[in-house]
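Spelled out, the chains give:
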Amino acid sequence: MQLNGLEMKILDDADAVAEETTARVLAAAEQAIEARGAFHLVLTGGSTPIATYRRLAQADADWSTWHLYHGDERCLPVDDVERNSLAAREAWLSRVDIPAQQIHDIPAEQGAEAAAAAYEAVVSAAVPFDLVLLGMGEDGHTASLFPGQEVCPGPLVMPVHDAPKPPSDRVSLTPSALCRTRRMLVLVTGAGKRPAMRRWRAGEGLPIARVAVAGNADLILDRAAAP
Ligand code: 6PG
């Protein structure tokens, strides 16, 4: 099944989406490690990927060659429960042996501008990624790229203020950074996302639609979110 040229897989529920996503992440890792000796993966924030992260924590993988990045981060203290970096550590990264220096958190506690400037160098050295994971908000946002926001074409990382999804200050990879990847997986679950999925299918210029384009992105949904 397709959505605007993207391969779309619709599964029964969020657990099945997590199962499928875990399998695809592990397969992408195996392929990248075999081909290039390392796997560079960008994590999505929010609640959707947590079930996948918990499954990855149980997986048997060669973690020594995994390099992890974040697609966005909230400008909060490092130990704030709303930090994407903390959620990923608690569900997965603290339970496997990925070398600490290969887990690249966005230093969003420094403030949006300083963190974006610091992370620009990290992303510039890492691209092209092997796999980028993305979620989607009910307004069609992805990472911290929101509808109506101005996005400068040049930078790979941008400061975000006045985000409609709290907290208002964030840091986000830009569309050009997110698209510099061999593969992209968009994970969408829950009935609350169905309206945005329908707007996306109708061709609206949503942030997710600008980033997840045919040829580089696959979509994995549960039935509740399917358009
Ligand atoms: C963030 C996320 C954001 C998220 C969507 C979906 O920092 O908030 O990166 O882009 O992926 O808002 O969030 P849920 O998975 O919680 O629905």
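Look a little higher up for the structure.
Residues numbered from 1 in each chain as written. Predicted model: local features only at pLDDT ≥ 70, side-chain atom pairs only at ≥ 80, totals over all residues. Heavy atoms only, no water.

Student: Would you mind going over the sheet that holds strand β6 (residues 129-134) in detail, with residue names and values included?
Tutor: The strand order across the open sheet built from 7 strands is β1-β2-β10-β9-β6-β3-β4, with neighbouring strands paired in mixed fashion. Strand pairing shows two members of the sheet lacking a second neighbour, β1 (2-3) and β4 (66-70), which therefore form its edges. Bridge count for strand β2 (residues 6-11) against strand β10 (residues 217-222) is 5 bridges, and the pairing is parallel. When the sheet's bridge partners are listed, glutamate 7 is paired in β10 with aspartate 218. Sheet strands touched by helix α1 (residues 14-36): β2, β3 (39-43), β4, β6, β9 (181-188) and β10. Its angle to β10, the strand with the most contacts, is close to 155°. (Pairing = 2+ DSSP bridges. Helix = DSSP H or I, 4+ residues; strand = E, 2+ residues; numbered from the N terminus. Contact = heavy atoms within 4.5 Å. Axes fitted to C-alpha atoms, helices over the stretch in contact; angles between N-to-C directions.)

Student: Go over unusual backbone geometry, please, and point to the residues and values.
Tutor: Across the chain, the bulk of peptide bonds are trans and the bulk of non-glycine residues have phi less than zero. The omega torsion of the bond from valine 127 to proline 128 falls at 0°, within 30 degrees of zero and hence cis. Considering the arrangement of structural elements, one finds proline 128 in the loop between α4 (112-126) and β6. With an omega of 0°, the peptide bond between proline 166 and proline 167 qualifies as cis. Examined against the element boundaries, proline 167 turns out to sit in the loop between β7 (157-160) and β8 (170-173). Not every positive phi belongs to a glycine, and asparagine 4 is a case in point at roughly 50°.

Student: Which residues make up the pattern of salt bridges, and what values go with them?
Tutor: Should the charged atoms of two oppositely charged side chains come close, the side chains can pair. Counted by the stated rule, this structure contains 15 salt bridges. Here arginine 24 makes a salt bridge to glutamate 20, at a shortest N to O gap of 2.7 Å. One end of the pair is arginine 24 and the other is glutamate 20, both in helix α1 and 4 residues apart, which spans about a single turn. Of the residues examined, glutamate 20 reaches a relative accessible area of 19% and is grouped as buried. (Salt bridge = Lys/Arg side-chain N within 4 Å of Asp/Glu carboxyl O. Buried < 20%, exposed > 50% of the residue type's maximum accessible area, 1.4 Å probe, protein only.)

Student: Which residues make up the nonpolar core, and what values go with them?
Tutor: Counting residues in each nonpolar core, the largest one holds 46 residues, and the members touching the most others are Val123, Phe129, Val171, Leu173, Trp200 and Leu219. At 6 residues, the largest contribution of residues to this core is made by α4. If near-sequence neighbours (up to four positions away) are discounted, valine 171 is found in contact with Gly71, Asp72, Glu73, Cys75, Ile106, Ala108, Ala112, Ala115, Ala116, Ser144, Val157 and Met158. Among the nonpolar cores identified, the runner-up in size contains 29 residues, and Leu11, Leu56, Leu93 and Leu133 belong to it. (Core = buried A, V, L, I, M, F, W, Y, C linked by side-chain atoms within 4.5 Å.)

Keep in mind that these numbers describe shape and distance, not what the molecule does.
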